[in-house]
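The chain contents come next:
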Amino acid sequence: MNTLIISTIGSHSALQILYGAKQEGFNTKVYCLRGREELYKRYPVAQEIILLDSYEDLLNLEPANNEIFIPHGTLIATLGKRALDIQIPVFGNKEGMHWEMVRENNLKLLKEANIRTPKSYQPDEIDKLVIVKFPGAKGGLGYFICSSQLEFEQRISEHLSNGLITKEDAKLAQIQEYVVGVTMYPHYFHSVIHERVEMLGIDRRYETNADALGRLSQENYKIDPTYKVVGNQPLIARESLLPEILECGDRLVDAAARLFSPGLLGPFCIEMSITPEEIVAFEFTSRIVAGTTLYTNGSPYSQFLFDENMSMARRIGREIKQAMGQRRLRELLT
Ligand code: AMP
């Protein structure tokens, strides 16, 4: 029996992470904000529940030599760059999280991997439908769509006067070609032990209110889209798209190794939109994404690869176990 503890923060994909770790024989621990522990009592996947007054407390915990922390979106969303100061050994490359957080770096890595990203515009270059995004906007609050410089300036001053954005946000506004496609989020795993990139599942996000706007005639109502993720839906890709989806994962891993060696380790995701012509990527994430919880019992793709119920969390546990067997655990942790 393994005495290593797998831990994470209580939110995002914690239920799956801890359940998968248990399946692989690890002990489990969840760090929970006081008042949020009820969920982890009702679904008993954590052997230990540690209550925190704030996520900052996590940064002051002394590293234990028998604990591995699995980072997820909440760590990055709540602590930002301070997340990198966590003392507990983290599964994956923290440097990848740093590249994920900084928007320009995020796009730089996708470009280095030769993956098409949306074209960027200056205000005076706007000549087609664009989406205007602001830094750190959670769920895309304040994002808007426009198609001319005049409209852009009008919307920016409206947003400033109703306090939706600050002058600083306005300066950092990112103007991107609006990609008309369907979104797809493939869940990849870079295995250092098996020296390969696996694609274990795909989801699409269910975002409010963007996914509700199609129910209204936009001629009658002008409502800005927001992109707060409230859930995830399973998806399989048309089989002829799979080679390209797999190649994108391979190329991202190779590009990351060139830019911040040893690059991406373990789970990562590419946020894609598929247009009738091509694949365009908005962003990559360097850690487990919440949509993987759809496949706690495995997805069609993980079934083809492993012929057993292999969730992303269980895959992480399996990699850790195999690395321990080969005395290579250090290669997976930062
Ligand atoms: P982001 O804040 O960049 O993660 O974007 C949030 C959401 O906005 C994405 O999940 C997409 O649904 C949508 N989105 C972002 N960039 C674009 C784009 N260039 N074209 C169309 N939709 C976009």
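The structure reproduced in this document is the subject of the present report.

What counts and how
- Residues numbered from 1 in each chain as written.
- Predicted model: local features only at pLDDT ≥ 70, side-chain atom pairs only at ≥ 80, totals over all residues.
- Heavy atoms only, no water.
- Phe/Tyr/Trp six-rings, centres within 6.5 Å; stacked < 30°, edge-to-face > 60°.
- Helix = DSSP H or I, 4+ residues; strand = E, 2+ residues; numbered from the N terminus.
- Buried < 20%, exposed > 50% of the residue type's maximum accessible area, 1.4 Å probe, protein only.
- Near = heavy atom within 4 Å.
- Polar contact = N/O pair within 3.5 Å; in protein donor to acceptor, adjacent residues only side chain to side chain.
- Areas by Shrake-Rupley, 256 points an atom, 1.4 Å probe, with all protein chains shown as cover.
- 1 Å grid on protein atoms, 1.4 Å probe; cavity = no way out; pocket = protein on both sides within 12 Å on 5 of 7 lines; lining within 4 Å.
- Points joined across faces, edges and corners; volume = space filled by probe spheres on them.
- Nonpolar A, V, L, I, M, F, W, Y, C, P; charged D, E, K, R; others polar.
- Contact = heavy atoms within 4.5 Å.
- Salt bridge = Lys/Arg side-chain N within 4 Å of Asp/Glu carboxyl O.
- Pairing = 2+ DSSP bridges.
- Axes fitted to C-alpha atoms, helices over the stretch in contact; angles between N-to-C directions.

It is worth spelling out the packing of aromatic side chains at this point. Summed over all chains, the structure comprises 7 aromatic pairs. Plain terms: the ring middles of W99 and F260 are 5.2 Å apart, the flat faces sit at 25 degrees to each other, and that makes the pair stacked. With W99 in helix α4 (residues 94–101) and F260 in the loop between α8 (242–259) and β12 (266–274), this residue pair connects regions lying 161 residues apart in the sequence. Both residues of the pair, W99 and F260, belong to the buried class. Taking 6.2 Å as the distance between ring centres and 80 degrees as the angle between the ring planes, the aromatic pair formed by Y301 and F304 counts as edge-to-face. Separated by 3 residues within a single helix, Y301 and F304 lie in helix α9 (residues 300–306), roughly one turn from each other.

Let us look at the site of the ligand. What surrounds the ligand is a group of 15 residues, the closest being K133, Y143, E177, V179 and E207. The separation between a nitrogen atom of the ligand and a polar side-chain atom of Q176 is 3.0 Å. E207 places a side-chain nitrogen or oxygen 3.0 Å from an oxygen atom of the ligand. When the ligand sits alone it has 480 Å² of accessible area, and the protein chains cover 91% of it.

Here the focus is empty space enclosed by the protein. The final tally for this structure, using the stated rule, is 4 cavities of 30 Å³ or more. Reported here for the largest cavity is a volume of approximately 60 Å³. In terms of lining residues, the largest cavity is bounded by 13 residues, among which P71, F91, G92, S286 and R287 are the most central. In terms of residue class, the lining of the largest cavity is made up of 8 nonpolar, 3 polar and 2 charged.

Tracing the sequence through the fold places Q174 in strand β8 (residues 174–177). In terms of polar contacts, Q174 uses its side chain to reach the side chain of R103, at 3.5 Å. Dropping the residues within four chain positions of it, Q174 is found in contact with R103, L107, I131, V132 and K133.

Counted by the stated rule, this structure contains 23 salt bridges. When the shortest N-O distance is used, the salt bridge between E198 and R315 registers 2.7 Å. You can see E198 sitting in strand β10 (residues 196–209) and its partner R315 sitting in helix α10 (residues 312–325), a full 117 residues away along the chain. Judged by its relative accessible area of 2%, E198 is buried. On the accessibility criterion, R315 (1% relative accessible area) is buried. Several salt bridges share partner residues, and in doing so they unite E24, E308, R314, R318 and K321 into one network.

Take α4 next. Looking at α4, one finds that the buried residues are K94, G96, M97, W99 and E100. On its buried side, α4 packs onto α3 (73–79), α5 (103–112), α8 and β13 (279–285). Between a side-chain oxygen at the N-terminus of α4 and the backbone nitrogen of E95 the separation is 3.0 Å; the capping residue is N93.

With that out of the way, let us pick up the sheet that holds strand β1 (residues 5–9). Here 4 strands make up an open sheet; going across it, the order is β3-β2-β1-β4 and the pairing parallel. The sheet terminates laterally at β3 (48–52) and β4 (67–69), the two strands that pair on one side only. On average, each strand axis in the sheet is inclined to that of its neighbour by 25 degrees, with strand direction left out of account. Pairing of β1 with strand β2 (residues 27–33), which is carried by 5 bridges, proceeds in the parallel orientation. Note that in β2 the partner of I9 across the bridge is Y31. Lying on the sheet, helix α1 (residues 14–23) is in contact with β1 and β2; it crosses β1 at an angle near 175 degrees.

All right, on to the pairing of strand β6 (residues 130–133) then. Residues V130 and V132 of β6 are buried on one face, and the alternating residues I131 and K133, pointing to the opposite face, are buried as well. As paired elements, β6 and strand β7 (residues 144–146) share 3 bridges and run antiparallel to each other. The residue bridging V132 from the neighbouring strand is F144, located in β7.

Shape is all these values report; function is a separate question.
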